[in-house]
Amino acid sequence: KIDDLSVRAKAAPDPVRVISAPRVAWKVAPNTANNLIYAGIVGLLVGICLALLQEYLDDRVNMPEDARRIMGAPVLGFVPLVEESKAHLIRQSHGGSLLESYRVLRTNVRFATVGTESTAILVTSTVPGEGKSLTVSNLAVAMALDGRSVIAVDTDLRRPTLHEKFECSQRPGLTNVLVGNTSLDEALQETAVPGLRVLATGPLPPNPAELLNSPAMRQLHAQLRERADVVIYDSPPFLASADAQVLSADVDGVLYVVQFGEARKSAIRHAVDLLSQAHANLLGIVFNKITLSGIRDDYYYYGYYRYYRYYDYRPKIEGAPSQRRRRGRHADYEAMLAAREAHEQGNGQASPETETGSDTDGD
């Protein structure tokens, strides 16, 4: 049996045939380079889709173009963020970005209302807390510093704050004049800023919208125009009540304050519809509470804020690091001026090369 099996095994064909001798093995899969390229492309597409989705779902106004496109009005001013502890009225002695921002706003408002002898402006916002009252106060101060007669009127008969900012009495005020208890001249209060007077709210009524829409209020509009070059109304937020819509129809223009990065696009669209229904003249938009750290460098209209920010926060102490840097920055220029002066004393005049070099270095 064993011999029979051996013969059969030798007679059976061999299923294995060697084609070539074995060589060194190499890696065929996975291809790391191709996988990295594919992963990068897929990750880029997914990131773009997520960014577009976030932009679509984010209802906040994060760019000036957003508000300009929704409201169909120009941006007249950009006001930087002021810390609550530092919130105060501007003065001519103050410098920096806050004063410059209201100077720019003042100029743009004058251009927007050119051709009118007496200007009545309503300042409002979408919701409370966007800084409209502080904008009214500082814009009134800026116009008064420009030599114009200004009256700031607090028509926010629900949450008045204008009398607190100017540190004046709330009574007598607007409501006293409207009901006939006080004359307008008696209700107007002088402020520390020459040329600026304030008309506070007076006692808060139970029916503000009806009072602001009364014939007495329309008569008061005309009286205020006769007594000042500019009348600025601080109204309630547009979506909080109907007061702002009532007042917007009786003024020359509306300034709309938008808090940067917080105002909602849907709410602004609703406010624009209400403005259109009232046939109000929307002068422009004021972007408020702009954080300097979040400003993009490619927006040229933000540039002057960075320029003045250096002077706002530079140390006042002699020998402080920033002042040493400033001295070091101009050390070469001062040395060059000294050399030029010595050269003039020696030769009687400076050479053209020296003058050209000093101008170039000075620039």
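Check the entry above for the structure.
This structure is a prediction, so every number in the text was calculated from the model and none was measured. (Residues numbered from 1 in each chain as written. Predicted model: local features only at pLDDT ≥ 70, side-chain atom pairs only at ≥ 80, totals over all residues. Heavy atoms only, no water.)

1. Brief notes about a nonpolar patch on the surface
- A surface patch of nonpolar side chains, amounting to about 660 Å² of accessible area, comprises Val42, Val46, Leu50, Leu53, Tyr56 and Leu57.
- Given a relative accessible area of 71%, Tyr56 falls into the exposed group. (Patch = residues over 30% accessible without salt bridge, like charges linked within 9 Å, V, L, I, M, F, W, Y side chains within 5 Å. Areas by Shrake-Rupley, 256 points an atom, 1.4 Å probe, with all protein chains shown as cover. Salt bridge = Lys/Arg side-chain N within 4 Å of Asp/Glu carboxyl O. Buried < 20%, exposed > 50% of the residue type's maximum accessible area, 1.4 Å probe, protein only.)

2. Some remarks on the pattern of salt bridges
- Enumeration according to the criterion identifies 8 salt bridges in this entry.
- Measuring nitrogen to oxygen at the nearest pair gives 2.9 Å for the salt bridge that ties Lys132 to Asp234. Of this pair, Lys132 sits in helix H5 (residues 132–145) while Asp234 sits in strand E6 (residues 230–234), and the two are 102 residues apart along the sequence.
- Residues Asp252 and Arg225 are paired through a salt bridge, measuring 3.0 Å at the closest nitrogen-oxygen approach. Note that Asp252 is positioned in the loop between helix H11 (243–248) and strand E7 (253–259) and Arg225 in helix H10 (residues 215–227), a separation of 27 residues in sequence.
- We classify Asp252 as partly exposed; its relative accessible area is 25%.
- For Arg225, a relative accessible area of 26% puts it in the partly exposed group.
- One salt-bridge network, held together by shared partners, links Lys132, Asp156 and Asp234. (Helix = DSSP H or I, 4+ residues; strand = E, 2+ residues; numbered from the N terminus.)

3. A look at the sheet that holds strand E5 (residues 196–199)
- With respect to topology, 8 strands assemble into an open sheet ordered E1-E8-E7-E2-E6-E3-E5-E4, the strand pairing being mixed. Because the sheet does not close on itself, it has two edges, and the strands there are strand E1 (75–80) and strand E4 (189–190).
- Alignment of E4 against E5, held across 2 bridges, turns out to be antiparallel. Among the inter-strand pairings, Glu190 is bridged to a residue of E5, identified as Arg197.
- Across the sheet, helix H3 (residues 64–71) is in contact with E1, E7 and strand E8 (282–290); its angle to E8 comes to roughly 155°. (Pairing = 2+ DSSP bridges. Contact = heavy atoms within 4.5 Å. Axes fitted to C-alpha atoms, helices over the stretch in contact; angles between N-to-C directions.)

4. Side note on the pairing of E7
- By the criterion of burial, E7 is predominantly enclosed, with 7 of the 7 residues buried.
- Here E7 shows no split at all, with Gly253, Leu255, Val257 and Gln259 on one side and Val254, Tyr256 and Val258 on the other all buried.
- Relative to E7, strand E2 (residues 119–125) runs parallel, the two sharing 5 bridges. Within the sheet, the bridge partner assigned to Ser125 lies in E7 and is Val257.
- Across 6 bridges, the pairing between E7 and E8 is parallel. Within the sheet, the bridge partner assigned to Leu255 lies in E8 and is Gly284.
- In terms of handedness, the path from E7 via helix H12 (residues 265–277) over to E8 forms a crossover that is right-handed. (Right-handed = clockwise from strand over helix to strand, strands pointing away.)

5. A look at unusual backbone geometry
- In this structure, Pro172 follows Arg171 across a cis peptide bond, with omega equal to -5°.
- Here Pro172 lies in the loop between helix H6 (162–165) and helix H7 (174–179).
- A positive phi angle is found at Glu167, which is not glycine, with a value near 55°.
- Along the polypeptide, Glu167 turns up in the loop between H6 and H7.
- Residue classification places Glu167 among the exposed residues on the basis of a relative accessible area of 74%.

6. Concerning the nonpolar core
- Counting 44 residues, the largest nonpolar core has Leu199, Leu220, Leu224, Tyr233 and Phe287 as its most contacted members.
- Here the element with the most residues in this core is H12; it accounts for 5 residues.
- With 29 residues, the next largest nonpolar core counts Val141, Val150, Val198 and Val257 among its residues. (Core = buried A, V, L, I, M, F, W, Y, C linked by side-chain atoms within 4.5 Å.)

7. Focus: the environment of Glu262
- Topologically, Glu262 is positioned in the loop between E7 and H12.
- The class of Glu262 is partly exposed, set by a relative accessible area of 45%.

8. What to know about the packing of H3 against H12
- At a minimum axis distance of 9 Å, the contact between H3 and H12 shows a crossing angle of 30°. For the element pair H3 / H12, the angle class is roughly parallel. Viewed along their axes, H3 and H12 form a crossing whose handedness is right-handed. Two secondary-structure elements touch here, H3 through Asp66, Ile70 and Met71 and H12 through Lys265, Ile268, Arg269 and Val272.
- Grouping the amino acids of the contact of H3 with H12 by side-chain chemistry returns 4 nonpolar, no polar and 3 charged. (Parallel < 35°, antiparallel > 145°, perpendicular 65-115°, else oblique. Left-handed = near helix turned anticlockwise from the far one by under 90°. Nonpolar A, V, L, I, M, F, W, Y, C, P; charged D, E, K, R; others polar.)

9. Some details on the environment of Thr124
- In this structure, Thr124 sits in strand E2.
- Taking C-alpha positions, Thr124 is 5.3 Å from Tyr256, a pair spaced 132 residues apart along the chain.
- The contact partners of Thr124, leaving out residues within four places of it in the chain, are Lys132, Ser235, Pro236, Pro237, Phe238, Ala244, Val254, Leu255, Tyr256 and Val257.

Distances and angles like these do not, on their own, reveal function.
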